[in-house]
Amino acid sequence: QVQLVESGGGLVQPGGSLRLSCLASGFTFSRYTMSWYRQAPGKVRELVASISTTGGSTNYADSVKGRFTISRSNANNTVYLQMNTLKLGDTAVYYCARNTPRQWGQGTQVTVSS
């Protein structure tokens, strides 16, 4: 049973920071590329960032480059998303995902509002 549990979402002001965590279980975490996606109401779910099995390679959506950082700890089966300089457009439900085959967590709400 693959399980991905996100945490760390909340309400922040524009320009603020938030750190999301995703605890994985039910599979060999270190063998999978991991990703963060987000989905705002009425919009398609979009890829935010991904990280390779060892953490040696990362990819980011253009909209978050320079502001967000994805990282992972294979020792504790956790992938993180550090979000800095948050903007109103970052408001969404953020999902942790395992690649190939795709598996989703339940999501955590991030709201950026003044």
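Here is a short report on the structure shown in this document. (Residues numbered from 1 in each chain as written. Predicted model: local features only at pLDDT ≥ 70, side-chain atom pairs only at ≥ 80, totals over all residues. Heavy atoms only, no water.)

Let's shift gears to the nonpolar core. Counting 27 residues, the largest nonpolar core has W36, V79, L81, M83 and Y94 as its most contacted members. By residue number, the principal contributor to this core is strand β3 (residues 18-25), which donates four residues. (Core = buried A, V, L, I, M, F, W, Y, C linked by side-chain atoms within 4.5 Å. Buried < 20%, exposed > 50% of the residue type's maximum accessible area, 1.4 Å probe, protein only. Helix = DSSP H or I, 4+ residues; strand = E, 2+ residues; numbered from the N terminus.)

Looking now at the side chain of S50. You can see S50 is positioned in strand β5 (residues 46-51). Among residues more than four places away in sequence, those in contact with S50 are T33, M34, S35, S57, T58, N59 and I70. (Contact = heavy atoms within 4.5 Å.)

Here strand β7 (residues 68-73) shows a clear split, with F68, I70 and R72 buried on one side and none of T69, S71 and S73 buried on the other. Of the strand pairs in this sheet, β7 and strand β8 (residues 78-83) are connected by six bridges, and their pairing is antiparallel. Paired with I70 across the strands is L81, a residue of β8. Hairpin remark: β7 followed by β8, antiparallel, with four residues in the connecting loop; positive phi at N77, about 55 degrees. (Pairing = 2+ DSSP bridges.)

One open sheet holds the four strands; their spatial order is β1-β3-β8-β7, and the pairing between them is antiparallel. Where the open sheet ends on each side, the last strands, each with one partner, are β1 (3-7) and β7. Here the average twist between neighbouring strands, direction ignored, is 15 degrees. Of the pairings in the sheet, the one linking β1 to β3 comprises five bridges and is antiparallel in character. Within β3, the position partnered with S7 by the bridge is S21. (Axes fitted to C-alpha atoms, helices over the stretch in contact; angles between N-to-C directions.)

With that out of the way, let us pick up the environment of L86. Structurally, the position occupied by L86 is in the loop between β8 and β9 (92-98). Note on L86: relative accessible area 2%, which makes it buried. Residues L86 and C22, spaced 64 residues apart in sequence, show a C-alpha to C-alpha distance of 19 Å. Residues contacting L86, with those up to four places away along its chain left out, are V12, P14, G15, G16, S17, L18, R67, F68 and V112.

What the rule picks out here adds up to one disulfide. Between C22 and C96 runs a disulfide, and the two sulfur atoms are separated by 2.1 Å. With the S-S bond torsion at -80 degrees, the cross-link from C22 to C96 turns out left-handed. Here C22, found in strand β3, pairs with C96, found in strand β9; they are 74 residues apart in sequence, far enough to count as distant. For C22, a relative accessible area of 0% puts it in the buried group. According to the relative accessible area criterion, C96 is buried, its value standing at 0%. (Disulfide = S-S within 2.5 Å.)

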